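Descriptive analysis of the structure
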Amino acid sequence: MTKTALIVIDMINAYEHEDAEALIPSVRETLPAIRALIARARAAEIDLVYVNDNFGRWRSHHDEILDIALRGPHADLVEPIRPDDTSMFVVKARHSIFYQTPLEYLLAQRGVDRVVLCGQVTEQCVLYSALDAHIRHLRVAVAQDAVAHIDAELARAALRMMRRNMHAEVRPWRRLDLGEPARSGSAAREHPTGR
């Protein structure tokens, strides 16, 4: 039986980095879908893992990373999707969610064999993370309307690569199976926060 985890990539962000101004409009556009996916995972008690860059702050921990983002000028992009007490949090330093992080071990301990990716940046961290998940024999799904980009053309190419080269399931968030228990009604009716 497949067990799925929702992975939220780099969304706890103060947007003080290079290319932030190009990224922010896409984050605003995708935020409702990311929020809806997180709400679905929480409601169904699906494993929810935030994997986030430490932005070079080597003494920081997840509470500090969150606090810095919430004090920044773009707190409105963080507050709606902030981790809660049940969320897991992994700090990364490079593009891939797996590179020198404990994520692979964590997923194995939880019995996870499929990951659904959302967050940022489609043509960078999401792409490299999908590849690293694929080579670890995890099934990969990407919520195509819940990943933000810097360059729209490169993002479209990255989604094609994930679908073709990594056999990723690339679909809108409403059409992705998170492994919720069978229920009546559609995800759209049950999760009105999504647009």
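Our structure's up above, just so we're on the same page.
Remember, predicted model here, so these are calculated numbers, not experimental data.

Burial runs high along strand β2 (residues 47-53): 7 of the 7 residues are buried. Side chains of β2 alternate between two faces, with Asp47, Val49, Val51 and Asp53 and Leu48, Tyr50 and Asn52 buried alike. Pairing of strand β1 (residues 4-9) with β2 involves 5 bridges; the strand directions are parallel. Each residue of the ladder has a partner; that of Ile7, found in β2, is Val49. Note that the unit made of β1, helix α1 (residues 20-44) and β2 has a crossover that is right-handed.

Before going further, it helps to examine the nonpolar core. The biggest cluster of nonpolar side chains holds 36 residues, and the ones touching the most others in it are Leu6, Val8, Met11, Ile12, Tyr15, Leu37 and Ile38. With 11 residues, the top contributor of residues to this core is α1. Excluding its chain neighbours within four sequence positions, the residues that come into contact with Leu37 are Leu6, Cys118, Ala143, Ala146, Trp173 and Leu178.

Definitions and limits used
Residues numbered from 1 in each chain as written. Predicted model: local features only at pLDDT ≥ 70, side-chain atom pairs only at ≥ 80, totals over all residues. Heavy atoms only, no water. Buried < 20%, exposed > 50% of the residue type's maximum accessible area, 1.4 Å probe, protein only. Helix = DSSP H or I, 4+ residues; strand = E, 2+ residues; numbered from the N terminus. Pairing = 2+ DSSP bridges. Right-handed = clockwise from strand over helix to strand, strands pointing away. Core = buried A, V, L, I, M, F, W, Y, C linked by side-chain atoms within 4.5 Å. Contact = heavy atoms within 4.5 Å.

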